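# Secondary and tertiary structure notes
Residues per chain are reported as follows:
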Amino acid sequence: MTASPLPPAVVETVRIGDRDFPRVRLISGVPPLEPLARLSGHGGRALILAKRDDLTGLGLGGNKVRKLEFYSGKALATGCDTLIITGAVQSNYVRITAAAARKCGLDCHIQLEDRVAGMDENYRKNGNVLLDRLFGATLHYLPVGEDEAAADDHLDRIAGELTARGRKPFVIHLGAGSEPRGALGYVLAAQEILDQAAALDRRISQVVVPSGSGQTHGGLLTGLRLAGSSLPVTGICVRRDQAAQTARIRQITANLCDLIGRPGLVTEDDIQITDAFLGPGYGKNTPETWATLFAAAQDEGLLLDPVYTAKSLSGALAMAAQPETTGGGDVLWLHTGGTPALFGYRAAIEQALDKDITKQTGAGATA
Ligand SMILES: Cc1ncc(COP(=O)(O)O)c(C=O)c1O
């Protein structure tokens, strides 16, 4: 499919730290900050305030819309005509990249990696994959599991083929060493969240985020420090163990601080990470994380996804149950979206529902 003949998106310049960056506005309004009053805030638990970044709007929303504002901005500012990205088969990132490309009049090539073994037809064709196709992206498959370097290398090969055909591709690499431009979206989100908490007259004492590629975690942490806030941010591992993820966040925050011209803004002590909710690995859940997904749906009418938010909210609930850590303040939990993947994980969800795990473990508001 060729690029859209519609008028091009408007690229604006935004100052972050000591540098200017091109950005395209893709988020609809300001996602709300709202209490999960039934799921938290009683029986000694701190209140959990959910920052609803599942409601960022574009292409069914999620945290990646904030990243794509900066990748699309750079792509357009440098005259590129195609976005190229890699991700798991049910990746939300690639789905939103496809939507952002369309919104900006760009083409999109997506590489889907075989990261989760033994999945069925719904996983391979429904949910995010169906949406990728609906957005008109060109799909490529990489029959390789966890190999970030191989995935990025293969992206470069796709980019080379497009360049040879006269196109100007912009590659969004996944490796921790690549420029963390997408994290700028969460540097900006930090001030937005602080302003919203102040307007609600709430005192936050902990922030909990999923930590995958690490740009959301690294971006929010850097943004808080840039805003002069010392709020602790705990990253919940969704893909790697604590040691590997700690090294990754160290690298991303160092690169990000350099990118905004504030080297050393984030220190080693700022990096807090737990893999207590990772379970068997990426895209796989434990009875506890399934119970959180069911409790959010059944106590709050709130949809989570099985890969990221079921794990991160499990971490936030555990944090909220530790008064010595929260010190009477609220827990800010970032809802990063991902809900279209529910339809790709249909079989696993049905299996977990059939086991009626919520009743077995007693999870939920009345626990
Ligand atoms: C819904 C959702 N939440 C969280 C994450 C993790 O964010 P990050 O990759 O910035 O660590 C992702 C990444 O794909 C995601 O899709």
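Quick notes on the rules
- For every chain, the first residue of the written sequence is number 1, and numbering continues from 1 onward in sequence order.
- Local features in this predicted model are restricted to residues of pLDDT 70 or higher, and side-chain atom pairs are both shown and tallied only at a pLDDT of 80 or more, whereas totals for entire chains, interfaces and linings draw on every residue.
- Residue proximity rests on one test: whether the C-beta atom, placed from the backbone, lies within 6 Å of the molecule or strand.
- In this text, helices come from DSSP runs of H or I with a minimum length of four residues, and strands from runs of E with a minimum of two, each type numbered from the N-terminal end.
- The residue classification treats Ala, Val, Leu, Ile, Met, Phe, Trp, Tyr, Cys and Pro as nonpolar and Asp, Glu, Lys and Arg as charged. All others, Gly included, are polar.
- These domain limits were set by an automatic method or by a database of domain assignments.
- Contact definition: two residues whose C-beta atoms, as placed from backbone geometry, lie within 7 Å.
- Strands are treated as partners if at least two bridges between them are detected by DSSP.
- All axes here are fitted lines through C-alpha atoms, helices being fitted over the stretch that makes contact, and every angle between N-to-C directions spans 0 to 180 degrees.
- Counts of 20 or more other C-beta atoms within 10 Å of a residue's own C-beta define buried residues, counts of 12 or fewer define exposed ones, and intermediate counts define partly exposed ones; C-beta atoms are placed from the backbone.
- The handedness of a crossover follows from its direction of travel: if, with the strands pointing away from the viewer, the path from the first strand over the helix to the second runs clockwise, the crossover is right-handed.

## A few points about the site of the ligand
Surveying the vicinity of the ligand reveals 17 residues, the closest of which are G212, S213, Y308, T336 and G338. At the level of elements, helix 2 (92–103), strand 9 (204–211) and helix 7 (215–226) are the ones that each hand at least two residues to the shell around the ligand. Tallying contributions element by element places helix 7 first for the shell around the ligand, with 3 residues. Across the shell around the ligand, the residue classes tally to 3 nonpolar, 13 polar and 1 charged.

## Structural notes on the domain arrangement of the chain
Along its sequence, the chain is organised into domain 1 (27–62 + 180–361) and domain 2 (64–172). In this structure, domain 1 and domain 2 have C-alpha centres spaced 24 Å apart. Listed per partner, the contact involves 27 residues of domain 1 and 27 residues of domain 2. Those elements giving two or more residues to the side of domain 1 that touches domain 2 turn out to be helix 6 (184–199) and helix 12 (346–354). A class-by-class count of the residues in the side of domain 1 that touches domain 2 yields 13 nonpolar, 12 polar and 2 charged.

## Observations concerning the sheet that holds strand 8 (residues 169–172)
A sheet is described by the order of its strands in space; here 4 strands give the open sequence 7-6-5-8, paired in parallel fashion. Taken across any chain shown, the strands that pair with only one partner, and hence form the sheet edges, are strand 7 (138–142) and strand 8. The sheet shows a mean angle of 20° between the axes of neighbouring strands, direction not considered. Of the strands in this sheet, strand 5 (82–88), strand 6 (107–113), strand 7 and strand 8 are in contact with helix 5 (residues 148–164), which crosses strand 5 at around 155°.

## Re the pairing of strand 9
For strand 9, the buried fraction is high: 7 of the 8 residues fall into the buried class. One ladder, built from 4 bridges, connects strand 9 with strand 12 (residues 330–335); its direction is parallel. When the sheet's bridge partners are listed, Q206 is paired in strand 12 with V331. In the sheet, strand 9 pairs with strand 10 (residues 233–237) via 5 bridges, with the strands oriented parallel. Each residue of the ladder has a partner; that of V209, found in strand 10, is G235. Handedness of the crossover joining strand 9 and strand 10 through helix 7 is recorded here as right-handed.

## Observations regarding the pairing of strand 5
With 7 of 7 residues buried, strand 5 is to be regarded as a mostly interior element. Where strand 5 lies against strand 6, 7 bridges are found, and the strand directions are parallel. Considered in strand 6, the bridge of T82 is made with D107. With helix 2 bridging strand 5 and the parallel strand 6, this β-α-β connection has right-handed handedness. Bridge count for strand 5 against strand 8 is 4 bridges, and the pairing is parallel. Bridge pairing in strand 8 places L83 opposite F170.

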